[in-house]
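# An overview of the molecular structure
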Amino acid sequence: MKTKLALLLIVNIACALSLHAQSRVDSLMQIYDFATAAKVLQRQISQAAGAGEPVAALEECLRKAEMGERMLQATEKVVFLDSVVMPADEVLTKLRLTPHAGKLMAIGDFFPEGLPNGFVGQGTMYVGDYADRVFLAQPDSNGLSKLHCARLLAGRWTAPQPLPGLENAADIQDFPFAMPDGQTIYFAAQGPQSLGGYDIFVTRYDADAGHYLKPAHLGFPFNSTANDYLYVIDEAAGVGYFITDRNQAPGEVCLYAFIPNSSHDIYLLNGENTDTVRRAARIASINELGAGSEQAIATRRATNKLLAQCQQQSDAPILIVIDDTHVYTNPSQLKSTTAARIATECIARQRELKEIETRLSAARENYAASHNEHVAQQIINLEEHEENLRAAIHRMAKNMRQAELSQ
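Starting from 1, residues in each chain are numbered consecutively following that chain's sequence as written. Per-residue local features are limited, in this predicted model, to residues with pLDDT of at least 70; the limit for side-chain atom pairs, both in listing and counting, is 80 or more; totals at the level of whole chains, interfaces and linings are taken over all residues. The side-chain numbers reported here are obtained from all heavy atoms of the structure, hydrogens and water having been left aside.

### Considering the nonpolar core
Grouped together as the largest cluster of nonpolar side chains are 82 residues, with contacts concentrated most on Phe80, Tyr231 and Phe242. Once residues lying within four places of it in the same chain are set aside, the contact partners of Tyr231 are Phe177, Tyr186, Ile200, Leu218, Phe222, Tyr241, Phe242 and Phe258. Nonpolar cores were defined as sets of buried Ala, Val, Leu, Ile, Met, Phe, Trp, Tyr and Cys residues, with membership established by side-chain atoms within 4.5 Å. For the exposure calls, accessible area comes from a 1.4 Å probe over protein chains only, and a residue counts as buried if that area is under 20% of its type's maximum, exposed if over 50%, partly exposed in between. Membership of the second largest hydrophobic core comes to 23 residues, among which are Ala339, Ala340, Ile342 and Ile393. A contact between two residues is defined here by any heavy atoms of the two lying within 4.5 Å.

Below, the structure is given as structure tokens:
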């Protein structure tokens, strides 16, 4: 009996020590002290292997600790603007974007009358600004969620097709967002390359190769040991967003707003700034990351103004002027089908011009406060786009009037 009690006591002590070590690892990972966590795990693995116990779970924890330490060495410097905690199911209703950025919405909300053939699920979908192309997650033959794209052709949606180059990745992919260039896709994935649950990645389409490139991990501070997803860049507003459930209660997430960088500027980690970098990597405080700076204040002001103007423009009708006595509000009111077709295109271009003008105003205000070279180049590009649009609208209006008056 004494021998059995002694063995039971030894087992209980070993379990207590193991739980204590695991608790310490968890605490170290939470404060991003990955180097120390790795050392503790290496000792645990050595002890477990010596006792003939399984080590697979410990080795996976070690992989994440070593990955976290590498990521810490390349933590990006980011100016944060704001953070808002909300229920996870309210994110899509709270995230406001300019029309140029497209839309993020539930699949069922985009297809309220039922999903087209080939579409399944009710996840998050990205809709381009012309609403003729969508990116979404769909199950592959193994039931794993993969990124797909579908297009609107001749009034009908094509069946979603997997993105070439990403279909065979050993992970789960979801929450896509496409940049206006049509080549760059941000998305979330969970698998062997993720530190937490979902991590945020970016990929770009290689036209020469005919497929998307191997996704790149965004690193800290955008990713964490928790779930991070729904990464968005609104170029018109000069603002980025992403969602995370780090440090949040079940069912809640935090929406972060930040200023996108034109170049990847990282912290140079040394013995004196280790704690500062760790705090920046896990976003311990957005105030420590520039939320109160003049640049952040100017960006918030410009973004709010731009979003308000975009809302006003979307609500205001655009008049179709034929001559002094014939002014319409809808292309269907025109007698000529050719004129109606041109008027529809002309209205779309006029709305685009208004958005460009609003973006120019915001960019100029932003540049006055920040003197950012990326913003300066953005102004030059927008001015060129504005000039081309004005010329195109002038030609369309002339052709529309001629077609209508010839009836």
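### Notes on a nonpolar patch on the surface
A surface patch of nonpolar side chains, about 240 Å² in accessible area, is lined by Leu319, Val321 and Val327. The secondary structure listing takes helices from DSSP runs of H or I that are at least 4 residues long and strands from runs of E that are at least 2 residues long, numbered from the N terminus. In this structure, Leu319 sits in the loop between helix 7 (294–315) and strand 16 (320–323). Patch rule: a residue counts if its relative accessible area is over 30% and it has no salt bridge; like charges are joined within 9 Å, and nonpolar side chains (Val, Leu, Ile, Met, Phe, Trp, Tyr) within 5 Å. Methods summary: accessible areas were calculated by the Shrake-Rupley approach with a probe of 1.4 Å, and residue burial reflects only the protein chains presented. Just to be clear on terms, a salt bridge is a Lys or Arg side-chain nitrogen sitting within 4 Å of an Asp or Glu carboxyl oxygen.

### A word on the sheet that holds strand 14 (residues 239–244)
A sheet is described by the order of its strands in space; here 4 strands give the open sequence 1-15-14-13, paired in antiparallel fashion. If you trace the sheet from one side to the other, it starts and ends with strand 1 (79–87) and strand 13 (228–234), each paired once. Averaged over all adjacent pairs, the angle separating strand axes in this sheet is 15°, with direction ignored. Bridge count between strand 1 and strand 15 (residues 252–259): 8 bridges; the pairing is antiparallel. Bridge pairing in strand 15 links Val84 to Leu255. Here a strand pair is declared whenever DSSP counts at least two bridges between the two strands. Here, axes are lines fitted to C-alpha atoms. For helices the fit covers the stretch in contact, and angles between N-to-C directions go from 0 to 180 degrees.

### A few points about the pairing of strand 15
Judged by how many residues are buried, strand 15 sits mostly within the fold: 7 of 8 residues are covered. In this structure, strand 14 lies alongside strand 15, joined through 5 bridges in antiparallel fashion. Paired with Thr244 across the strands is Cys254, a residue of strand 15.

### With respect to helix 6 (residues 274–281)
Each α-helix winds once per 3.6 residues, and so residues spaced three or four apart point in a common direction. When helix 6 is considered as a whole, its buried residues turn out to be Val277, Arg278, Ala280 and Ala281. What you see down the axis of helix 6 is that its buried residues fit within an arc of 160°, all on one side. Here the buried face of helix 6 lies against helix 3 (56–72). Of the residues flanking the end of helix 6, it is Ile283, one or two places downstream, whose phi is positive at about 55°. Working note: the arc is built from the helix axis to C-beta atom directions.

### Remarks on the side chain of Thr303
The residue Thr303 is located in helix 7 in this model. Residue classification places Thr303 among the buried positions, given a relative accessible area of 6%. Setting aside residues up to four positions removed in sequence, Thr303 forms contacts with Ala237, Val239 and Tyr241.

### Some details on the pairing of strand 9 (residues 184–190)
In terms of burial, strand 9 is largely enclosed, as 6 of its 7 residues are buried. Note: strand 8 (residues 172–178) against strand 9, 5 bridges, orientation antiparallel. Its bridge partner lying in strand 9, Ile172 is registered against Gln190. Linking strand 8 to strand 9, which pair antiparallel, is a turn of 5 residues; within it Gly182 sits at a positive phi near 75°. Note: strand 9 against strand 10 (residues 199–206), 6 bridges, orientation antiparallel. When the sheet's bridge partners are listed, Tyr186 is paired in strand 10 with Val202.

### A closer look at the side chain of Arg278
By secondary structure assignment, the location of Arg278 is in helix 6. According to the relative accessible area criterion, Arg278 is buried, its value standing at 18%. Ignoring sequence-local partners within four residues, the contact set of Arg278 consists of Ile31, Tyr32, Asp33 and Leu72.

### A closer look at the confidence of the model for the protein
Detailed reading of the predicted model is not advised wherever pLDDT is low. Across the protein, the average pLDDT comes to 88, with 94% of residues at or above 70. For every residue, the predictor states its confidence as a pLDDT score lying anywhere from 0 to 100. Note that pLDDT drops below 50 for residues 1–17; the model gives that stretch 0 contacts with residues more than four away or on any other chain.

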